[in-house]
Amino acid sequence: MTMNFFRGVMGGQPAGPQPTGAETIHKLCDRVASSTLLEDRRDAVRALKSLSKKYRLEVGTQAMDHLVHILQTDRSDSEILGYALDTLYNIICNDEEEEQDMAVAPPIPVSGKHKNVPVSDENAQKQDEDLGVLFTDKFLGDSENVTLLLTLLEEFDFHVRWPGVKLLTALLKNQCNQVQGVILVSPMGVSRLMDLLADSREVIRNDGLLLLQQLTKGNAAIQKIVAFENAFERLLDIITEEGSSDGGIVVEDCLLLLVNLLKNNSSNQNFFKEGSYIQRMKPWFEVGDDNSGWSAQKVTNLHLMLQLVRVMVSPVNSPGATSSCQKSMYQCGLLQQLCTILMATGVPADILTETINTVSEVIRGSQINQDYFASVNAPSNPPRPAIVVLLMSMVNERQPFVLRCAVLYCFQCFLYKNQKGQGEIVATLLPSTIDANSISAGQLLCGGLFSADSLSNWCAAVALAHALQDNLTQKEQLLRVQLATSLGKPPVSLLQQCTNILSQGSKVQTRVGLLMLLCTWISNCPIAVTHFLHNQENVPFLTGQISENLGEDERLVQGLCALLLGICIYYNDNSLENYTKEKLKQLIEKRIGKENFVEKLGFVTKHELYSRAAQKPQPVFPSPEQMLFDHEFTKLVKELEGVITKAVHKTSEEEKKEEEVKKTLEQHDSIVIQYKDLIRDQDTQIQELREQVSTLSLNSEQMQNQITQQQSQIQQHKDQYNILKLKLGKDSQGLSSSQGEGAHVNGLHSEELSQLREEVEELRRQHTLQHTQLSDKDSLINTLRCGAAAAAQTAEGGAGGSDNTELLGEVESLRSRVQAQCAEISQLQTERLELIRRAEAVSSAPASSRESSADTVPVSELESRLAAQTTEAERLKEECRGLREGHAGLEQQLASAQSTVAIEQTEKTKLQQEVQESKKEQDDLLMLLADQDQKILNLKQRLRDLGETIDEDEDELDARDHFGEDDDDDDDEEEEDEENND
């Protein structure tokens, strides 16, 4: 039955009415949902796939949920998964091929409501796009569907992975942000997609590149994750494998993905630079001698490679990152390779233009790169500098407009923050450096400035203005330039020639360029302002231009004239009597009017082309006529507009006050500079002192090491001495029989032996004396101990007892130390006596034995042993001296202990006296209380006698209190008994 059904749908034409497409799709969806056999479901999904392009709306509306369910449940069958994914791709995708197929296909009736109405291609395309977005939103209604799709991409089967990649790419094209958000939070979502680049099947790898392009658009977080998944390494390997610039569209896809990852992403740019990937870009730009016949794909690839280099050094990046990349490009030779393309022949015009723009941004603001570019020569005969060759193209009106703009940008970047290069360009205009046999950059600029081509005038004026940007020295130097206008006439200055051309009423573009040059030239240069005002015709010309009511095209020129006149006021040093600040302001007020002047000045910043030029440094214009403003000049206008407006409205008094404030600030700045110099000197001194301290610390460490070494050597000598001492003790038994020739030696040292005996006797006496002193101190300690025990019993507080205990502990410790010292003294005395005994044995030996042993014992051995004994005696003397000092210290400690005991005894006596006094006071109080009680009892008795009634409870209470007091004191009890008896 099942196969018959599919034969009816897909195969022959049975008799009877034909079912509509919607009915067929409905039956297929029922079959997908209800069939229990996998083969039946697979055949139904295959049929839906075949109908999905023709009946896109019906399949998407009725079958999407069933197809998603197939993806969830039939994971074991790769064939049905592939059919389901292909079907979903067909209903979601908006590819042009699909749109063309739909536009060519005849309309098919879906139901009775729809008629065969012809639809234009544009409407059909829009309808298809709406359907794609509609079905994409339906698929993304459950975010788990995207997670399911990411899981299916792990399948290695080609029929599952490839349609899965295409489906996810289509979803990203239709709803990029939403899909990116789901992938970003999905565990290992980006990593699964990165695995596509490692697939050995090129179709999947190439479609994976397209998928990653869509995934990384405008999402910095995903860009970072992709970059740290080793994307740079993989993409550069693919580019190399595919042939670099000679490769096909795969190289283009890799380069587009690299641009996505790096553009406006400082983290990835830094990672790319730190990973040494800039060095791997150098082989891309190796071109041969024969550059003819470049394919369109090669031009596209090389264009993207140049764009990738520009992304790394773009002026919109942070200055630090740009400078670091520029340095790397110079060090690895990439800049040199780009300059080779720049000077090569046969390179296509668009590649040459983009190469010039790329070199411009590689050298912009980098002194070392700018110096290298200045040294590059074109391969001509004779060789000419590359700058000169490029300027020749800029002032040549036959060159393409985009090429001339690129050359101007390159010249601007060469002079950006490059005072050395500015000086070299201006020097080519000075009379002393002009070479008549060669063409210089200055000559080309002057030729372009005064040519008949307005675009050349504008480019040359802007280029010359960049040679003066923020460089006061070159502004003054350029005042020396003299131009020969015609034969027989004296030369005129370059400044005067510019104003002459202005007054001749040339094209608007030419006048705008010259006005920008003049404003840049005389701004912040009072000498140039004076030269400009010195020509009597300049100020009337400017006032006349500003005051006239001209057309819309001339309003920009009026605004720039107002800016130039305002600069003459603001930077005027009042050196010309006829054109001081005050007189110029009066002239403006009379001839123009202050409000009108400010209005004309404000028109510059309101111009549409001004806003466009202020956005980025590169001069990009759709047509030559719109090339009016320079980026750096827009910064100057923004800086000067406000100050000029204030300067025009200021009175003379305000200006005087401002001058005073300026002088005060200058004085303050001079003081600050002095303090800075002082601080700088102090910093230098501190640095020198730190170096001295470090040197002394190093010397100290070296000395400490030497001391440590010497101490170790001393310890070694002590160990050797102890070993010799032990050997001497072992040989003492045979000393009496081997001292044959020691009589005369002992005779020589008899005095030392007698001194040793005297010292021993002295030590004995000191020992006896110390024993006597110890006995006295023991008795004193016992006496103190008894007194402390008695004091501990009598004292009611606990402070005295603890102090005495501490004192006794200290005395015991002193006593133990004295005993230890005495033991050491006894040991030393024993050793001394042993030495004396040995010496007496030597001196009393019989002469016969000495004579008989004279031949056996050498004299040197006896002398060495005697020297050892002498050294030992000296050591014992030192130890005795140390013991004496220790004994004196112990005596001092004992004396301090005795004084401490005396103080404690005094405090104890005071405490006992206080206790006795407190007891006496208590006794007096008890006596007073007893007297009061007796008086109360007598009064109560009298009251009873008088017949008054007294409460018995009070009597009992009084009696109870009374007896309680009697219990406290025995004497009071006896007195109460006597009173009761009475």
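Residues numbered from 1 in each chain as written. Predicted model: local features only at pLDDT ≥ 70, side-chain atom pairs only at ≥ 80, totals over all residues. Heavy atoms only, no water.

The chain has the name General vesicular transport factor p115 in an unreviewed UniProt entry, where Oncorhynchus tshawytscha is given as its organism. Looking at the chain in UniProt, the text filed under Sequence similarities (unreviewed entry) is "Belongs to the VDP/USO1/EDE1 family." Recorded in UniProt for the chain, the comment headed Function (unreviewed entry) runs: "General vesicular transport factor required for intercisternal transport in the Golgi stack; it is required for transcytotic fusion and/or subsequent binding of the vesicles to the target membrane. May well act as a vesicular anchor by interacting with the target membrane and holding the vesicular and target membranes in proximity." (UniProt positions renumbered as here; feature names shortened; annotations may be inferred.)

K.L.:
What is the right way to read a nonpolar patch on the surface from this model?
P.N.:
Taken together, the side chains of Ile671, Tyr675, Leu678 and Ile679 make up a nonpolar region of the molecular surface, amounting to roughly 390 Å² of accessible area. Secondary-structure assignment places Ile679 in helix α37 (residues 652-730). (Patch = residues over 30% accessible without salt bridge, like charges linked within 9 Å, V, L, I, M, F, W, Y side chains within 5 Å. Areas by Shrake-Rupley, 256 points an atom, 1.4 Å probe, with all protein chains shown as cover. Salt bridge = Lys/Arg side-chain N within 4 Å of Asp/Glu carboxyl O. Helix = DSSP H or I, 4+ residues; strand = E, 2+ residues; numbered from the N terminus.)

K.L.:
Could you clarify how one ought to interpret the packing of aromatic side chains in this entry?
P.N.:
Any aromatic ring pair is given by two values, namely how distant the centres are and how the planes are angled relative to each other. Tallied over the full model, the rule gives twelve aromatic pairs. Pairing Trp458 with Phe621 gives two aromatic rings, centres 6.3 Å apart and planes at 85°, and the pair type is edge-to-face. A residue pair is termed long-range when its members are at least 10 positions apart, and Trp458 in helix α26 (residues 454-467) and Phe621 in the loop between α35 (608-613) and α36 (631-649) qualify at 163 residues. An aromatic cluster is defined as three or more aromatic residues linked by ring pairs; in this entry it consists of Phe228, Phe232, Phe271, Phe272 and Tyr277. The ring of Phe156 carries Arg201 above its face, with NZ or CZ at 3.9 Å from the centroid. (Phe/Tyr/Trp six-rings, centres within 6.5 Å; stacked < 30°, edge-to-face > 60°. Lys NZ or Arg CZ within 6 Å of the ring centre and 35° of its normal.)

K.L.:
It is not clear to me how the pattern of salt bridges should be interpreted in this structure. Could you clarify?
P.N.:
Opposite charge on two side chains lets them pair, provided their charged atoms get close. Per the stated rule, a full pass over the model turns up 23 salt bridges. For Asp74, the salt bridge is made with Arg41, and the minimal N-O distance between the two is 3.1 Å. Of the two residues, Asp74 sits in the loop between α4 (56-73) and α5 (78-92) while Arg41 sits in helix α3 (residues 38-51), which places them 33 residues apart along the sequence. Exposure remark for Asp74: the relative accessible area of 8% places this residue in the buried category. On the accessibility criterion, Arg41 (13% relative accessible area) is buried. In this structure, the salt-bridge partner of Arg192 is Glu154, at a minimum N-O distance of 2.7 Å. A residue pair is termed long-range when its members are at least 10 positions apart, and Arg192 in helix α11 (residues 189-194) and Glu154 in the loop between α8 (144-152) and α9 (158-174) qualify at 38 residues. (Buried < 20%, exposed > 50% of the residue type's maximum accessible area, 1.4 Å probe, protein only.)

K.L.:
Is there a simple way to explain the side chain of Thr136 in this structure?
P.N.:
For Thr136, the position within the fold is in helix α7 (residues 121-139). Within the structure, Thr136 has its side chain in polar contact with the backbone oxygen of Gly132 (distance 2.6 Å). Side chain to side chain, Thr136 and Asn174 meet in a polar contact 2.9 Å long. The residues touching Thr136, leaving out its near neighbours within four places in the chain, are Ile92, Leu171, Asn174 and Gln175. (Polar contact = N/O pair within 3.5 Å; in protein donor to acceptor, adjacent residues only side chain to side chain. Contact = heavy atoms within 4.5 Å.)

K.L.:
Just checking my understanding: could you explain the packing of helix α14 (residues 231-241) against helix α15 (residues 249-262) for this structure?
P.N.:
Between two packed helices, both the angle of their axes relative to each other and the distance between the axes serve to describe the pair. Here α14 crosses α15 at 155°, and the two axes come no closer than 9 Å. With respect to their mutual orientation, α14 and α15 come out roughly antiparallel. In this structure, α14 crosses over α15, and the sense of that crossing is left-handed. Only Val250, Val251, Cys254, Leu255, Leu257, Leu258, Leu261 and Leu262 of α15 make contact with α14, whose side of the interface consists of Ala231, Phe232, Leu235, Leu236, Ile238 and Ile239. (Axes fitted to C-alpha atoms, helices over the stretch in contact; angles between N-to-C directions. Parallel < 35°, antiparallel > 145°, perpendicular 65-115°, else oblique. Left-handed = near helix turned anticlockwise from the far one by under 90°.)

K.L.:
Could you clarify how one ought to interpret unusual backbone geometry in this entry?
P.N.:
Where the residue is not glycine, phi is negative for most of them; where a peptide bond is considered, it is trans in most cases. Positive phi, normally seen in glycine, also occurs at Met188, with a value near 60°. Along the chain, Met188 turns up in the loop between α10 (176-185) and α11. For Met188, a relative accessible area of 56% translates into the label exposed. Of note in the backbone geometry, Ser276 takes a positive phi value of approximately 60° without being a glycine. Within the secondary structure layout, Ser276 lies in the loop between α16 (266-274) and α17 (296-312).

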